[in-house]
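# Summary of the model geometry
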There are 2 protein chains.
Amino acid sequence: MFEAPRGTRDFPPWEMDKRRYVEDKIRNTFKIYGYREIQTPTFEHLQVFTLKSGDAIIDEIYSFKDKGGRDLALRPELTAPVIRFYVEKLQMEPKPLKLFYIGNCFRYDRPQKGRYREFTQAGCELIGVDTPEAIAELIALAYNILRNIGLKNVDLHIGDLTILSTLFKKLGISDENKKEIIPLIDKEKFDELYLFMQNIGVSKDEIEWFLDVLKMDDISKLPVSDEIEEEVERLKDVFGFLRDIYSIDCKMKLSIVRGLDYYKDIVFEIEAPILGAEKQLCGGGIYELIPLFGGREAPSAGFAIGFDRAILAAETEGYRFPISTIDYYIIPLSTSLISKSIEIAQILRNKGLLVDVDLMRRGIGKALKYAGSINAKQTILLGPDELDKNAVTIRDMVTGEQKLVLIEELKNL
Amino acid sequence: MFEAPRGTRDFPPWEMDKRRYVEDKIRNTFKIYGYREIQTPTFEHLQVFTLKSGDAIIDEIYSFKDKGGRDLALRPELTAPVIRFYVEKLQMEPKPLKLFYIGNCFRYDRPQKGRYREFTQAGCELIGVDTPEAIAELIALAYNILRNIGLKNVDLHIGDLTILSTLFKKLGISDENKKEIIPLIDKEKFDELYLFMQNIGVSKDEIEWFLDVLKMDDISKLPVSDEIEEEVERLKDVFGFLRDIYSIDCKMKLSIVRGLDYYKDIVFEIEAPILGAEKQLCGGGIYELIPLFGGREAPSAGFAIGFDRAILAAETEGYRFPISTIDYYIIPLSTSLISKSIEIAQILRNKGLLVDVDLMRRGIGKALKYAGSINAKQTILLGPDELDKNAVTIRDMVTGEQKLVLIEELKNL
């Protein structure tokens, strides 16, 4: 017997119903905000990913040679492919370009709860604009997608890498030391950070001031020096739009570093606290990748949502996704009535109703049991008595109520 | 600059709109017939495919080793993965199981018109039943999916491998010779077939009789011997349901062999004559794979539709797929009106309308040009004069007509 490869999943109908429902919600929300869908291949030239993330990523992805000797890789994420697509084919399109995607990605990761080797990401890229209203709209979109999926409690935090860099500069921290410091900030290991900064000769007062700023969640309290005045004003505008116009609760968090070096300026994260350690659902911000891929410089920002984790969070909160049903299950009570049953099925199907017919020539008991198992809302029984009256018996599967309905009248159901 | 890998495609928004439209039509038609969607991983253990199709398939697929040394392959088709899934996890589900899928597949093929290395297949498997009404419904479903996509002219042909085998037996053709003959029948090379059969000692009369039967398109004229009487009756029932109940025009074609050795009994193909040599859109039939994958024997049948080719056929026939539009594009006429514009956007978005706001602080001329480029149906202009009246100007992008509408009234648009 064969099994699905380790870390991958098979989705039975009751899982797919949920996934398609969530996918539709996400797609619809993107469209409501004027985003348009694109799609890229499942694999890319390996360099597309090493260029963006460095050679270290090779250890974490599925890479292989095709029969022509090309180095290819199953995509581990979608920003690099989208930027590759943009530079190759979409640079001449009117700006801004608001592009979204929903696609599967692959990582050769240790499988664990909520982490799979094949998983789905939904995200977008906004190319050609980085005004505060554009970034606020982007963040509001990410937030509203998660709310529209059914999530109740999500925390939105916004940081700014330009401000963070200025703080580093102010404290005289070298690029080399930054490499040590950033992961500590990212993981909020503030005690370790304290010790490290002490070791590299930052004064106690300065360290405490730095940690205070990192932990500050209200932008209005941020100490503003000349170098960052403009950036702080921009960030304040983004907060203003989000809080006052979009009515979204959000907090500043300068310790967001996104662990990736192509982000710059404003970055953000959305978390579902109910998921504990695996709570991050969405990350994004302003980034610079287009010139790296050979394109003409243009502002760009985007985000990605972990599709599987977002579903998990909504379910953990108790959200119940709608279950697929079938409108009618038709049971012919003898083989001579099969043709008539199919005829009736076609009348109802032509109206767009979801209809199944018993195909196994089985008794009414078994057929009704099967109808229950596929969540049929109603069954239609067709026997010789019914046919004599040019009618069928319709049975409500919840109440058990039965009524005789003329076949002529089925068109008006 | 990087390019998408050879034989793969990037889909810009105007292509994705079409693809999602077709996908929805297909999904909806499957559901109307009581089928339920499933999904399997993008890659499988290599043996899943070699078991079904033999080792020769390795030359045509993307296979690779993962970092754990497992032999994996990107799926070249979806029947084998679905049967693997069924045997592994769904054998205990109530029968019949009506499962459908829409997914991408991969073949290391020479790229050519309508043939890609990554392509989409839509298909289904019906497990647990093979009554004539079940097979007729399956075939009607395939036909109606293609019609619902927008295709006008499709030819449906139905063959029967049990009948074909009986003909071979009647003519005393050895298994070895069958291997030579089947590809000739498949490609309808009847002249070569004639010569080959002559060479292996079949009499002229018998060859002519055999070719006549192969070319026969009306089942009522089929010469019926005792051995095939039952199978012919079954096939006649299928034709009867399709023609009389489903009103589908279909022809018998015993030369359909599907080139694959796991098919048996009834097989069918649907073609779009407008596509010439690449006309086949759909193939399917009754097959036996479950025991091969270690499952308990159960009747099974299914079909697969070439998604890309079906779209190509509809477009070649002149079908115009709907184009995505945006309901409103909002243009603030000064930066001080940006907040108010977003407020208006949110009123309309909350009604489910597709709304975009100018995010680039540009002049009205450029903004209107952009609105045209993204197919906005209407633009909303917000200037100081409008705001004084608590109103906006709505401009119809087709007629150019403008009207003043109170912001209060936008909720009722």
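For the rest of this paragraph, the subject is the sheet that holds strand E9 (residues 263-271) of chain A. All names here are of chain A. Strand order in this open sheet of 8 strands is E1-E5-E6-E11-E10-E9-E7-E8, and the pairing throughout is mixed. Among the strands making up the open sheet, the edge pair consists of strand E1 (36-37) and strand E8 (251-252). Bridge count between strand E7 (residues 155-160) and E8: 2 bridges; the pairing is parallel. Residue pairing in the sheet places Ile158 in a bridge with Met252 of E8. Sheet contacts for helix H1 (residues 13-32): E1, strand E5 (97-106), strand E6 (118-127) and strand E11 (300-306); angle to E5, the most-contacted strand, approximately 160°.

All right, on to the packing of aromatic side chains then. Taken as a whole and judged by the stated rule, the model has 35 aromatic pairs over all chains. Centroid distance Tyr21(B) to Phe321(B): 5.8 Å. Interplanar angle 70°. Geometry classified as edge-to-face. Remark: Phe321(B) occurs in the loop between helix H10 (307-316) and strand E12 (326-332) and Tyr21(B) occurs in helix H1 (residues 13-32); sequence separation between them is 300 residues. Residue class for Tyr21(B) comes out partly exposed when judged on its relative accessible area of 23%. The class of Phe321(B) is buried, set by a relative accessible area of 10%. Ring centres of Tyr329(B) and Tyr370(B) lie 5.5 Å apart, and the angle between their planes is 55°; this geometry places the pair in the tilted category. With a gap of 41 residues between them, Tyr329(B) in strand E12 and Tyr370(B) in helix H12 (residues 364-373) connect regions that are remote in the sequence. Here Tyr329(B) matches Tyr370(B) in class, with each residue buried. Taken together through their ring pairs, the aromatic side chains of Phe43(A), Tyr62(A), Phe64(A), Phe106(A), Tyr108(A), Phe43(B), Tyr62(B), Phe64(B), Phe106(B) and Tyr108(B) make up a single cluster. Positioned above the aromatic ring of Tyr370(A) is the side chain of Arg362(A), whose terminal nitrogen or guanidinium carbon lies 4.4 Å from the ring centre.

What follows covers unusual backbone geometry. Residues and elements named next belong to chain A. Pro96 follows Lys95 through a cis peptide bond whose omega is -5°. Counting through the fold element by element, Pro96 comes out in the loop between helix H3 (79-90) and E5. Positioned with a positive phi, Ser247 is a non-glycine residue whose angle comes to about 55°. Mapping Ser247 onto the fold places it in the loop between helix H9 (229-245) and E8. For Ser247, a relative accessible area of 59% corresponds to the exposed category. Here Asn390, not a glycine, exhibits a phi torsion of approximately 50°, which is positive.

Each partner contributes residues to the interface: chain A has 98 residues there, and chain B has 98 residues. Of the roughly 8600 Å² buried between chain A and chain B on both sides combined, carbon and sulfur atoms contribute 62%. By the criterion of area lost to chain B, the three top residues of chain A are Phe2(A), Lys67(A) and Leu359(A), representing 10% of everything that side buries. For the pair chain A and chain B, the number of links is 12 salt bridges. Two residues, Asp356(A) and Lys98(B), come together in a salt bridge whose shortest N-O distance is 2.4 Å. At the boundary of chain A and chain B, one finds 40 residue pairs in polar contact (both at pLDDT 80 or more).

Next up on the list: the relation of the copies chain A and chain B. Comparison of the two chain copies shows a relationship of rotation about an axis with a shift along it. For the pair chain A and chain B, the superposition axis carries a translation of 0.0 Å, the fit reaches an RMSD of 0.0 Å, and the rotation angle comes to 180°. One copy is carried onto the other by what is essentially a two-fold rotation axis. Of the C-alpha atoms belonging to chain A, the one lying closest to the rotation axis is found on Phe64(A), 3.1 Å away. Interface residue correspondence from chain A to chain B reaches 100%, placing this contact among same-surface, isologous pairings.

This brings us to H1(B). Its 20 residues give H1(B) an end-to-end C-alpha distance of 28 Å, which sits within 8% of 28 Å, the value for a rise of 1.5 Å per residue. Once H1(B) ends, the next one or two residues include Gly34(B), with phi positive near 80°.

Turning our eyes to something else, we now look at the pattern of salt bridges. Summed over all chains, the structure comprises 67 salt bridges over all chains. When the shortest N-O distance is used, the salt bridge between Lys89(B) and Asp10(A) registers 2.6 Å. You can see Lys89(B) sitting in helix H3 (residues 79-90) and its partner Asp10(A) sitting in the segment before H1, one on each of two chains. Across the pair Asp308(B) and Arg19(B) runs a salt bridge, and its minimum N-O distance is 2.9 Å. Here Asp308(B), found in helix H10, pairs with Arg19(B), found in helix H1; they are 289 residues apart in sequence, far enough to count as distant. Exposure class is identical for Asp308(B) and Arg19(B). Each is buried. Through salt bridges with shared partners, one network takes in Arg20(A), Glu23(A), Asp24(A), Arg27(A), Glu37(A), Arg20(B), Glu23(B), Asp24(B), Arg27(B) and Glu37(B).

Residues and elements named next belong to chain A. In terms of residue burial, E11 counts as a mostly covered element, since 6 of its 7 residues are buried. Of the pairings in the sheet, the one linking E6 to E11 comprises 7 bridges and is antiparallel in character. By the bridge assignment, Gln121 is partnered in E11 with Gly306.

Turning our attention to the confidence of the model for chain A. Should pLDDT be low for a region, the predicted coordinates there are not to be read in detail. With 100% of its residues at a pLDDT of 70 or more, chain A shows a mean pLDDT of 94. Predicted as a complex, the structure gets a pTM of 0.96 and an ipTM equal to 0.95.

Turning next to the pairing of E7(A). Residues and elements named next belong to chain A. The buried fraction of E7 amounts to 5 of the 6 residues, a majority that puts the element mostly inside the structure. Pairing geometry for E7 and E9, over 6 bridges, is antiparallel. Counterpart to Ile158 in the pairing with E9 is Phe268.

Turning to a negative patch on the surface, a few remarks are in order. All names here are of chain A. On the surface, Asp226, Glu227, Glu229, Glu230, Glu233 and Asp237 cluster together into a patch of negative charge. Positionally, Glu230 belongs in helix H9. Glu230 gets classed as exposed once you look at its relative accessible area, which sits at 71%.

Our focus in this paragraph is the environment of Ile323(A). All names here are of chain A. Tracing the backbone shows Ile323 in the loop between helix H10 (307-316) and strand E12 (326-332). Using a relative accessible area of 65% as the deciding quantity, one classes Ile323 as exposed. Through-space distance from the C-alpha of Ile323 to that of Trp14 is 7.2 Å; in sequence the pair is 309 residues apart.

By secondary structure assignment, the location of Phe268(B) is in strand E9 (residues 263-271). It is 5.8 Å that separates the C-alpha atoms of Phe268(B) and Gly283(B), two residues lying 15 residues apart in sequence.

Reading guide: rules and limits
Residues numbered from 1 in each chain as written. Chains lettered and ligands numbered in written order. Predicted model: local features only at pLDDT ≥ 70, side-chain atom pairs only at ≥ 80, totals over all residues. Heavy atoms only, no water. Pairing = 2+ DSSP bridges. Helix = DSSP H or I, 4+ residues; strand = E, 2+ residues; numbered from the N terminus. Contact = heavy atoms within 4.5 Å. Axes fitted to C-alpha atoms, helices over the stretch in contact; angles between N-to-C directions. Phe/Tyr/Trp six-rings, centres within 6.5 Å; stacked < 30°, edge-to-face > 60°. Buried < 20%, exposed > 50% of the residue type's maximum accessible area, 1.4 Å probe, protein only. Lys NZ or Arg CZ within 6 Å of the ring centre and 35° of its normal. Buried area = accessible area lost by both parts, 1.4 Å probe. Salt bridge = Lys/Arg side-chain N within 4 Å of Asp/Glu carboxyl O. Polar contact = N/O pair within 3.5 Å; in protein donor to acceptor, adjacent residues only side chain to side chain. Least-squares fit on C-alpha atoms with pLDDT ≥ 70 in both. Expected span 1.5 Å × (residues − 1). pLDDT = per-residue confidence, 0-100. Patch = residues over 30% accessible without salt bridge, like charges linked within 9 Å, V, L, I, M, F, W, Y side chains within 5 Å. Areas by Shrake-Rupley, 256 points an atom, 1.4 Å probe, with all protein chains shown as cover. Lys, Arg positive; Asp, Glu negative; His and termini not counted. Charge placed at Lys NZ, Arg CZ, Asp CG, Glu CD.

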